[in-house]
Amino acid sequence: MSEKFRKIGQMDGVYVGLLLVITVLAYAGFLAHPCIHDFYNEFFPQRYFHIDCLRNHLSPLWNPYQMMGTPAHADPQTGVFYIPARIFAIFGPYHSIWCAIEFMMHVFVGGWGLYCLCRHFNVSRPAAFVGAFAYLMSGFFVGNAQHLSWIVAGAWLPWLMYSTLQLLRTPGWRPAVCTAIFASLMFTGGYPGFSFGYVYIVAALFVAMAFHDVKNKRSRHFCDICLFGALAVLLFIVLALPTIISFVEVKPWITRGQSLDYTQISNDFPSLSSLLFPYTITTEPSIMSSDVTMRSIYVGIITLAFFVVGVCRNRSRMLWLLLGLGVLSLLFAYGRVLPFHRFAFYTLPLVQLMRIPTLMRIFFIITMLLFAAVGFDAIAKREEKDRNILTITLLIVAAVSLAVLVMVSLPVSQNWESDIFPPTFFHKLKMEAVVTFAISLLSLLIIRFLKCRQTRCLLLVILLTDMILHVVAIAPYTVYNQELRHQDLARITQSRAQTVPQRLSNASAIQDPDPHLLWKNAGSFFKQVEWESYNPFMLSNFDKMQQPYFENGQERNMDLPIVFFPKTVVFDTVAHLLNEDTAYVEQQDREGVYPDSTSSATIVQFDPGYIVLKTSVKESRPLVLAQNFYPGWHCDADGRALEIHRINSSMMSVLVPQGTQNLVFTYRKPFISAAWTLEWLTFLVLLLLCVVAREKGVGNRQ
C-alpha cells in the first residue's frame, strides 16, 4: 500500500488537482457573494460589456455607455484582446457568479505556474506543492482580489518566469514560443505595470547569463539565447499587436498617457509586519496611510520558516540572482517611502509610467516561495543543521508574537488608543498574536519531538490550515461583499436587449429597483449612456468637459439628449455647463446661429460603434452627438462622407446637409481588426505546435 501511495505522490497531476480543490475551498465564499469594490464597480461592467458584445456579434472596440463613450480596446484594464476572456462568451451572459469563477480560475493557474517554476529548480513535488498553494493564497491574491487585471498578471507571471528560465537554460523554439504566449497573456489581460517591471527582471537575467557564457566561453549557447530570444520578442509583438497599437494611439488622448510627476506616484506600500499579522494589517484601514489591498506579503508562518532554511541551504546561483532581484523589487515597492524608487524613477525608462510601485512586491513573494520550496526539501533530508535553523526561526516568531501579545495586553496599551490606533486594532492584534504563537509552538513540538516520516505531512497540514484560515478571515474585507448575494446583483445586471437611449444619465438615475448596488458604470447593463462613470482610463477632452460639473465641491447633473441641434454655436476654449440650445467650439470659423426650430433628429439604432440617425433640416446646420470625439469615427449621410468635428470640448458634431437623410456613425479600426485576427491565428498555430511538440517529445535544443 505504501508503494502505491509513493507512486501517486510522484504524479504531477495529483498535486495540480489538489491545487484546484484547495482554490475552490479557500475562495468558496466568492461563489455565494459578489465581488467587492472595484471588481464589480469597474471590472465586472467592463467584462460584461465585452462578453455581451461578443454574444450579440457586436464589436467591443467602442463602449458607448461608459463616460459618454470610450475606446474600450485602448483601456489596458478591459482585456478586449485577452484571449481567455472569450471563453465566457460560450456560457451565456456574464453574471456576477462568473466574476468569482474567473477569479478562481486565474488564481489556480497562478498556483499551477508556481508549481512548475519550483519544479524547474529540481525541488520535489511536495515542496513545489507547498510553494504553489502558499502563492495562490498569499497576500497578493487575497489583498488584490478586486483588481482583476492584477490577478490576471499574477496568474501568468510564474508561467512567464518558468518559460524564460527554460529559454535561458536550454534555448530553443519551444521555450521561445511559450515565453511569447505567456508574455502576451500577461500583457493583454494584466495591468501593464507588471510587464514593465518584468522587462527589467529579464534584462538582469540576460546580462547574468551573458556574463556566465562569456566567462565559460560558451559562445554557441549565448548566440542561441540571442537568436531564440529575438524569436520570442517577435512572436510576442505579433500576439500583442492590437494591444500595442491601441496603447500607442490612445496615449496622447488620455489623462494618464504621459510620464507621471513624482508627486503622482501612489503612497501605497507593503508592510513587513504582514508577514506575521496579515489579518490586523489588512483589515484595519486607519493604522497606515496605504491602501489595505496593497499591504500584505503574507505567505504563511511555516512557509516563512522554510524560506529561512532555503536561504541557508540554497546552492543555485540562479536562485540567488532571483532573490537579489526580489529584494530590489520589494525596495521598489515601497515607492516614495524609500529613496531607491526615486533613483529608479529618474533613471530608468518605463518607471515613470508605473503609478503603483507596490505591485512589484509580487516578485519578492515568488522568490520567497522558491526558497521556501528549497527549505522544505532540505528538512526532508532530516539533517540536524536544517532542523536547528527551522527551530531557531520558529522560536523567533514565537517570541515576537508572545512579546506583541504581552504588550497589547498591558494596561498601558489603552493609552495608545486613538484615531490612529482604534480599540479594534488591539483586539485583532491580540487574537492574531495568539494564533501566530500557537502555530509556531505547535510546529516546534512536531519538529523536535516527532522522529517519523509524518513530520513533513503534519507541517504541511498546519501550513494549509493556516493559509485557508488566512483567506477565510480576510476575504470579506478584500475579496467579496459578505452583505450581498449574487442574486442581488442579478436583478439589476440581467441581460437586456439592445435599446435606444435618448438622454444622458448616470448610475444613480438608471438603477431600478432599489437598492442602487452599483456605485458607477450601470450603463453597460441598462444600455444607457452615462456622462458620469468610474474608470481611471479617461479621455483628456472628456475630463475637461466634465470639470464645470464638479466645481466648488458641488455636483451638477448633465441633462442633455444624446442627439440635438444647438441653436447657437459660439467660439470659446473654456469648458462650460452645457445645454441643448448652445454649443461651443474651439475654432472661430465654426460659429453660427441656427434659429430654425423645425429640425429633427431621431436615433434609429444605437449599438456599440454603430449609430444610425434619421435627420430632417431645412438648412445645413451642425448636429451634436453625445459621444466622445476620438479617431476612428466616420459618418455617412446616405452614402456621402461627412467630416466629424469636436464640439463642447469632447462631443462629436457633423454639419448636416439640407433635407431628410440617414446619418450612419461607425467606429472602424481596420488595422487593429486585422492585427486582432492575426493575434488569434498566430496564437492557435503556436499552441498547436507546442501541443504536437510535447506529444512527440521534441522542441528544446540541447
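Residues numbered from 1 in each chain as written. Predicted model: local features only at pLDDT ≥ 70, side-chain atom pairs only at ≥ 80, totals over all residues. Heavy atoms only, no water.

Asks: Quick question: what am I supposed to make of the overall build of the chain here?
Replies: On a plain count of helices and strands, the chain comes out with 24 helices and 16 strands. Taking 702 residues into account, the globule formula puts the C-alpha radius of gyration at 27 Å, and the chain, at 28 Å, falls close to it. Each principal axis of the C-alpha distribution contributes one length, and for the chain these read about 95 × 70 × 50 Å. Here the chain holds 702 residues, and the buried ones make up 57% of them. Contacts in the chain between residues far apart in sequence, at least 24 positions, make up 76% of those at least 6 positions apart. Just so you have it, the chain exposes about 28,800 Å², and 63% of that area is on carbon and sulfur atoms. Placing the 54 positive and 46 negative side-chain charges of the chain at their respective mean positions leaves the two points 15 Å apart. (Helix = DSSP H or I, 4+ residues; strand = E, 2+ residues; numbered from the N terminus. Rg over C-alpha atoms; globule rule 2.2 N^0.38 Å. Buried < 20%, exposed > 50% of the residue type's maximum accessible area, 1.4 Å probe, protein only. Contact = heavy atoms within 4.5 Å. Areas by Shrake-Rupley, 256 points an atom, 1.4 Å probe, with all protein chains shown as cover. Lys, Arg positive; Asp, Glu negative; His and termini not counted. Charge placed at Lys NZ, Arg CZ, Asp CG, Glu CD.)

Asks: Hey, could you run me through the sheet that holds strand β16 (residues 659–667) in this one?
Replies: Across a sheet, strands are paired by hydrogen bonds formed along the backbone, either parallel or antiparallel in direction. If you trace the five strands from one edge of the open sheet to the other, you get β9-β10-β16-β12-β13, paired in antiparallel fashion. Looking at which strands have only one partner, the edges of the open sheet turn out to be β9 (600–607) and β13 (640–642). Geometrically, the sheet is characterised by an average inter-axis angle of 25 degrees between neighbouring strands, direction not taken into account. (Pairing = 2+ DSSP bridges. Axes fitted to C-alpha atoms, helices over the stretch in contact; angles between N-to-C directions.)

Asks: Would you explain the packing of aromatic side chains in this entry?
Replies: Two aromatic rings, taken as a pair, are described by how far apart their centres are and by the angle between their planes. Counted according to the given criterion, the structure contains 49 aromatic pairs. Ring geometry for F425 and F426: centres 5.3 Å apart, planes at 75 degrees, overall edge-to-face. (Phe/Tyr/Trp six-rings, centres within 6.5 Å; stacked < 30°, edge-to-face > 60°.)

Asks: Hey, could you run me through the environment of L148 in this one?
Replies: Assignment of secondary structure puts L148 in helix α7 (residues 148–169). Counting along the chain gives 42 residues from L148 to H106, while the straight-line C-alpha distance between them is 9.3 Å. For L148, the residues in contact, after removing those within four places along its chain, are F39, F43, R47 and E102.

Asks: Would you explain helix α13 (residues 301–313) in this entry?
Replies: Side chains that are three or four residues apart share a direction in an α-helix, a result of its 3.6 residues per turn. Between its first and last C-alpha atoms α13 spans 19 Å; for 13 residues at 1.5 Å apiece the expected length is 18 Å, and the two agree. Taken across its 13 residues, α13 has 10 buried, putting it largely inside the fold. Here α13 has its buried residues at I301, I302, T303, L304, A305, F306, F307, V309, G310 and R313. The secondary structure elements touched by the buried residues of α13 are α5 (125–136), α14 (317–333), α16 (361–380), α17 (384–409), α18 (423–449) and α19 (454–478). (Expected span 1.5 Å × (residues − 1).)

Asks: Even after reading the chapter, I still don't get the nonpolar core, so can you show me in this structure?
Replies: Generally speaking, nonpolar side chains in soluble globular proteins are found buried as a group. The biggest cluster of nonpolar side chains holds 170 residues, and the ones touching the most others in it are Y27 and W156. At 15 residues, α16 tops the list of elements feeding residues into this core. Ignoring any residue separated from it by four or fewer positions in sequence, one finds Y27 in contact with F103, M104, V107, L136, M137, F141, V142, V471 and V479. Within the second largest apolar cluster, 63 residues are counted, among which are M68, I245, V617 and I672. (Core = buried A, V, L, I, M, F, W, Y, C linked by side-chain atoms within 4.5 Å.)

Asks: How should I be thinking about the pattern of salt bridges in this particular structure?
Replies: If the charged atoms of two oppositely charged side chains come close together, the side chains can form a pair. Scanning the entire structure with this criterion turns up 15 salt bridges. Here D12 and R125 are joined by a salt bridge, their closest N and O atoms 2.8 Å apart. In this pair, D12 sits in helix α2 (residues 12–26) while R125 sits in helix α5, placing the two residues 113 residues apart along the sequence. Take D12: its relative accessible area is 32%, and that puts it in the partly exposed class. Look at R125 and you get partly exposed, because its relative accessible area is 21%. Between E580 and R503 there is a salt bridge, with its nearest N and O atoms 3.9 Å apart. Pair noted here: E580 is in the loop between β6 (568–571) and β7 (582–585) and R503 is in the loop between α20 (486–493) and β3 (505–506), with a separation of 77 residues, a long-range link. For E580, a relative accessible area of 34% gives the class partly exposed. (Salt bridge = Lys/Arg side-chain N within 4 Å of Asp/Glu carboxyl O.)

Asks: Explain the packing of α5 against α19 here, please?
Replies: Packed helix pairs are specified by the crossing angle of their axes together with the interaxial distance, meaning the distance between the axes. Running from amino to carboxyl end, α5 crosses α19 at an angle of 10 degrees, the nearest separation of the two axes being 10 Å. In terms of axis orientation, α5 runs roughly parallel to α19. Within the contact between the two elements, α5 uses P126, F129, V130, F133 and A134 and α19 uses R456, L460, L463, L464 and M467. Here the contact of α5 with α19 is built from residues that sort into nine nonpolar, no polar and one charged. (Parallel < 35°, antiparallel > 145°, perpendicular 65-115°, else oblique. Nonpolar A, V, L, I, M, F, W, Y, C, P; charged D, E, K, R; others polar.)

Asks: Is there a simple way to think about the sheet that holds β6 in this case?
Replies: Strand order in the open sheet formed by three strands is β7-β6-β8, and the pairing between neighbours is mixed. The open sheet terminates on both sides in strands that have one partner only, identified here as β7 and β8 (592–593). Here β6 pairs with β8 via two bridges, running antiparallel. Counterpart to T568 in the pairing with β8 is V593.

Asks: When you look at the environment of P93 in this model, what are you seeing that I'm missing?
Replies: By the secondary structure assignment, P93 is in the loop between β2 (70–71) and α4 (96–120). Distance in space between the C-alpha atoms of P93 and I51 is 7.2 Å, their sequence separation being 42 residues.

Asks: Explain the confidence of the model for the chain here, please?
Replies: Atomic detail in the predicted coordinates should be set aside for any region of low pLDDT. The predicted model of the chain averages 89 in pLDDT, with 95% of residues at 70 or higher. Confidence over residues 1–9 falls short of pLDDT 50; this stretch has three contacts with residues more than four positions distant or in other chains. Long-range and interchain partners of residues 698–702, a stretch whose pLDDT sits below 50, account for 15 contacts in this model, where long-range means more than four residues apart. (pLDDT = per-residue confidence, 0-100.)

Asks: Would you mind going over the pairing of β6 with me for this structure?
Replies: Every other side chain in a regular strand lies on the same face of the sheet, so the side chains alternate between the two faces. Alignment of β6 against β7, held across four bridges, turns out to be parallel. Pairing of T568 across the sheet is with T582, part of β7.

Asks: So what exactly am I meant to see when it comes to a nonpolar patch on the surface here?
Replies: Together, L20, V24, L31 and I101 make up an exposed nonpolar region whose accessible area comes to about 270 Å². Relative to the helices and strands, L20 is located in helix α2. (Patch = residues over 30% accessible without salt bridge, like charges linked within 9 Å, V, L, I, M, F, W, Y side chains within 5 Å.)

Asks: It is not clear to me how the pairing of strand β14 (residues 644–647) should be interpreted in this structure. Could you clarify?
Replies: Judged from the four bridges that link them, β14 and strand β15 (residues 651–656) form a sheet pairing that is antiparallel. Within β15, the residue paired with H645 across the bridge is S653. A loop of three residues connects β14 with β15, the two strands running antiparallel in sequence, and N648 in this loop sits at a positive phi of about 55 degrees.

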